[in-house]
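Summary of structural features
Letter by letter, the chains look like this.
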Amino acid sequence: MTSVVGTNGSDSKPNMVYVTLVSLIAALGGLLFGFDTAVVSGALGFLTERFTLTGFQQGWAVSSFIIGCIGGASVSGMLGDRFGRKKTLIVAAFIFMIGTVGTALAGNFDIYIVSRIIGGIAIGITSALAPLYNAEIAPAKYRGRLVALYQLAIVTGIFLTYFVNLWIIGFGNDAWDVSDSWRWMFGAGAVPGIVFLVLLFFVPESPRWLAKRDRAAEALPILVKVHGEEAARQEVLDMKESFKNEGTGSYKMLFKPGLRMALLVGVGLSALQQLSGINAVMYYAPEIFKQTGLGADASLVQTILVGAVNFAFTILALWLIDKVGRKILLLVGTSVMTVALGIIAYAFQTDMTSGPIILIAILVYVAAFAVSLGAVLWVVLSEIFPSEIRGKAVAIGTMIHWMFDYAVSQSFPPLLQTTGPAFVFGMFGVMTAVAFLFTLRLLPETKGLSLEQIDTMWTAKPSGKA
Ligand code: BGC
């Protein structure tokens, strides 16, 4: 058993200003994620006219970026382990800039698609490495909050982008909208992209990555800055101790008895976060609201309401995650989501679509997602694996997240047409109920534990059960 003195943050005062600033910079990667998720919703109509897109091409215009994300996530672990978290994030920010400029200047649809995929690769890499970086630098006591900053940045990016899109549309007439507005919409990503790229040069490398590479001497001053002298020295000892018990860092390690369970938890939660249907709402909210008989303008206002609720409840998640823990948030959130989805399905089934019931249920669903599967996924994913395999395992979980994102967002419109909204939302409800049971049975509580303590938890209790 590794020593725990100094690692749970209870006996020393961490430098919260410093570590929060550093975590905020890494979390900016989430802003790019949110931007890329939302930007296309405002641009799609104009792109369709500009390049006379078919229905299939429209789908491709939206989802090509997710293909890039799958690719980016799949190589993130290998790159992050080899070159370090910081350098790989810098390269990702640079790749994002190439994608952004390429999309904004695209002279034809092919260039647009290639540029979106390039941007997606960057988002895929950052979605694995930014939360992981925050987890590796955070004092245990505040790790949940500091990693969840990433989710806060995602929802901020989604929310801001709706407004930026609306603002840009106001610049010119209809012809300008078709020829150029979408270029500015995509180009706007360059602003957070440059800020992210430049600020990353000022953050330190992950101390845990350094220690793992036998560079504890470089890790120590960073840990001293975060935790204070005494706790930092203890932390280095804890890391060395825990590295002794770890294996080779090959993918095979993940299939050993204890870690197999960690892998199942990571992969399962990643898939279930997407199977809960969140992106059906995020990407298609105006369409869903139109099905309830609202006009286009009212739909847009309600879409903005969804963004505001998502933002407000993510703040609540940040506040709660290190107090009540990851498990309680997930259990409460997924139960509320299940009920809300049941109500939505029932309302569509019985044609109760004219009153506010669907809007209210969707807002409750989004709020419950924000405090549970939204914020908690990134926290759990970045903390449950041992150092030796963390990069690769997080990459697998993140890749699964993007694959299911792709599958759900691609199948949602045709399913809506063939089976109807009652069935689709009912299915999402079944999935959130599965997420509840999954959490109840398999997720161990990791609140307040150091990453080294979490490592030993899996090996000490091979079943890994909660
Ligand atoms: C998910 C995204 C989703 C967003 C909505 C994130 O945690 O990974 O797919 O669009 O939350 O807030």
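Residues numbered from 1 in each chain as written. Predicted model: local features only at pLDDT ≥ 70, side-chain atom pairs only at ≥ 80, totals over all residues. Heavy atoms only, no water.

**Brief notes about the overall build of the protein**
Convention followed: Strands here are runs of E lasting at least two residues and helices are runs of H or I lasting at least four, both read from the DSSP assignment and numbered beginning at the N terminus. Radius of gyration: C-alpha atoms only; globule rule: 2.2 Å multiplied by the number of residues to the exponent 0.38. Exposure classes here rest on a 1.4 Å probe applied to the protein chains alone. A residue is buried below 20% of its type maximum, exposed above 50%, and partly exposed in between. Contact between two residues is taken to exist if any of their heavy atoms lie within 4.5 Å; hydrogens are not considered. In these tables, accessible area is a Shrake-Rupley quantity obtained with a 1.4 Å probe, and a residue counts as shielded only by the protein chains included in the view.
Within the protein, the regular secondary structure consists of 18 helices and zero strands. The C-alpha radius of gyration computed for the protein amounts to 22 Å, which stays within 12% of the reference 23 Å derived for 466 residues, consistent with globular compactness. With respect to the three principal axes, the spread of C-alpha positions in the protein is 65 × 45 × 40 Å. Counting over 466 residues, the protein shows a buried share of 60%. When contacts within the protein are restricted to residue pairs at least 6 apart in sequence, long-range pairs at least 24 apart make up 84% of them. Total accessible area on the protein is roughly 17,700 Å²; 70% of this is exposed by carbon and sulfur atoms.

**Here we look at helix H9 (residues 216–227)**
Within H9, the full set of buried residues consists of Ala216, Ala219, Leu220, Ile222, Leu223, Val226 and His227. Contacts from the buried residues of H9 go to helix H1 (16–50), helix H4 (109–137), helix H8 (207–212) and helix H10 (229–244). Note on H9: the residue one or two positions beyond its end, Gly228, has a positive phi of about 95°.

**Considering the environment of Gly342**
In this structure, Gly342 sits in helix H14 (residues 326–349). The exposure class assigned to Gly342 is partly exposed, which follows from its relative accessible area of 35%. Along the primary structure Gly342 and Ala422 are separated by 80 residues, whereas in three dimensions their C-alpha atoms are 8.8 Å apart.

**Side note on the side chain of Asp36**
What counts, and what does not: Within 3.5 Å is the distance limit for a polar contact, defined as a pair of N or O atoms, with the added protein rule that one can donate a hydrogen and the other accept it, and that residues adjacent in sequence qualify only through two side-chain atoms.
By the element assignment, Asp36 lies in helix H1. Here the side chain of Asp36 touches Arg116 through a polar contact of 2.9 Å, side chain to side chain. Other than its neighbours up to four places away in sequence, Asp36 contacts Phe65, Phe96, Arg116, Gly119 and Ile123.

**Some details on the packing of H4 against helix H16 (residues 387–419)**
To keep things clear, this is the line we draw: Axis definition: a line fitted to C-alpha atoms, limited for helices to the stretch in contact. Angles are taken between N-to-C directions and run from 0 to 180 degrees. Angles are sorted into four bins: roughly parallel if under 35 degrees, roughly antiparallel if over 145, roughly perpendicular if 65 to 115, and oblique for all others. The crossing is said to be left-handed when, going from far helix to near helix, the turn is anticlockwise and less than a right angle, and right-handed when the turn is clockwise. Charged residues are taken to be Asp, Glu, Lys and Arg, nonpolar residues to be Ala, Val, Leu, Ile, Met, Phe, Trp, Tyr, Cys and Pro, and polar residues to be all remaining types, Gly included.
At their nearest, the axes of H4 and H16 sit 9 Å apart, and the two run at 135° to each other. As far as their axial angle goes, H16 and H4 are oblique. Here H4 runs over H16; the crossing is right-handed. Seen from H4, the contacting residues are Ile123, Gly124, Ser127, Ala128, Leu132 and Glu136; seen from H16, they are Arg390, Gly391, Val394, Ala395, Thr398 and Trp402. Per-class residue counts for the contact of H4 with H16 are six nonpolar, four polar and two charged.

**Thoughts on empty space enclosed by the protein**
Defined as follows: Both site types are read off a 1 Å grid over the protein atoms alone. A 1.4 Å probe that fits but cannot get out defines a cavity, while an open set with protein on both sides within 12 Å along at least five of seven lines defines a pocket; lining residues have an atom within 4 Å of a point. Grid points are joined across faces, edges and corners, and a volume is the space filled by probe spheres set on the points.
Tallying each qualifying case throughout the model produces two cavities of 30 Å³ or more. When its volume is computed, the largest cavity comes out at roughly 160 Å³. Around the largest cavity sit 18 residues that line it, and Phe33, Ile154, Ile278, Asn279 and Phe369 are the ones nearest its centre. Residue assignment for the lining of the largest cavity shows that the elements contributing at least two residues are H1, helix H5 (143–169), helix H11 (257–275), helix H12 (278–291), helix H15 (357–383) and H16. When grouped by side-chain class, the residues that make up the lining of the largest cavity number ten nonpolar, seven polar and one charged.

**A look at a nonpolar patch on the surface**
Under the convention used in this document: Each patch groups residues whose relative accessible area exceeds 30% and which form no salt bridge, using 9 Å between like charges and 5 Å between nonpolar side chains of Val, Leu, Ile, Met, Phe, Trp and Tyr. Salt bridges are identified by distance alone: a Lys or Arg side-chain nitrogen within 4 Å of an Asp or Glu carboxyl oxygen.
A grouping of Val191, Ile194, Val195, Val198, Leu199, Phe201 and Phe202 is seen on the molecular surface, where their side chains present a nonpolar patch of about 660 Å² in accessible area. Secondary-structure assignment places Val191 in helix H7 (residues 190–200).

**Regarding the layout of surface pockets**
Estimated volume of the largest pocket: approximately 1,200 Å³. Ser41, Leu44, Tyr283, Tyr284 and Glu287 are, among the 46 residues lining the largest pocket, the residues nearest its centre. Of all elements in the fold, only H1, helix H2 (55–83), H5, H12, helix H13 (296–320) and H16 reach the threshold of two or more residues within the lining of the largest pocket. Looking at the lining of the largest pocket residue by residue, the classes come out as 26 nonpolar, 15 polar and five charged.

**Examining H11**
Applied cut-off: Here, expected helix span is obtained from the residue count minus one, scaled by 1.5 Å.
The terminal C-alpha atoms of H11, which comprises 19 residues, lie 27 Å apart, in line with the 27 Å expected from a rise of 1.5 Å per residue. Judged by how many residues are buried, H11 sits mostly within the fold: 14 of 19 residues are covered.

**Re the site of the ligand**
Put simply, the rule is: We define proximity as follows: a residue is near a molecule or strand when any one of its heavy atoms falls within 4 Å of that partner. Occupancy of a cavity or pocket is assigned to a molecule whenever over half of its atoms lie within 2 Å of that pocket's grid points. An automatic or database domain assignment provides the domain bounds reported here.
Residues in contact with the ligand, as listed here, are Phe33, Gln151, Val155, Gln273, Gln274, Asn279, Met282, Asn310, Phe369, Gly374, Trp378 and His401. A distance of 2.8 Å separates an oxygen atom of the ligand from a polar atom in the side chain of Gln273. A total of 310 Å² of accessible area belongs to the ligand in isolation, and the protein chains cover 100% of it. The site holding the ligand turns out to be the largest cavity. Put simply, the parts of the chain that give the shell around the ligand at least two residues each are H5, H11, H12 and H15. For the shell around the ligand, a count of residues per class yields five nonpolar, seven polar and no charged. When we break the shell around the ligand down by domain, the ones giving at least three residues each are domain 1 (14–203) and domain 2 (251–459).

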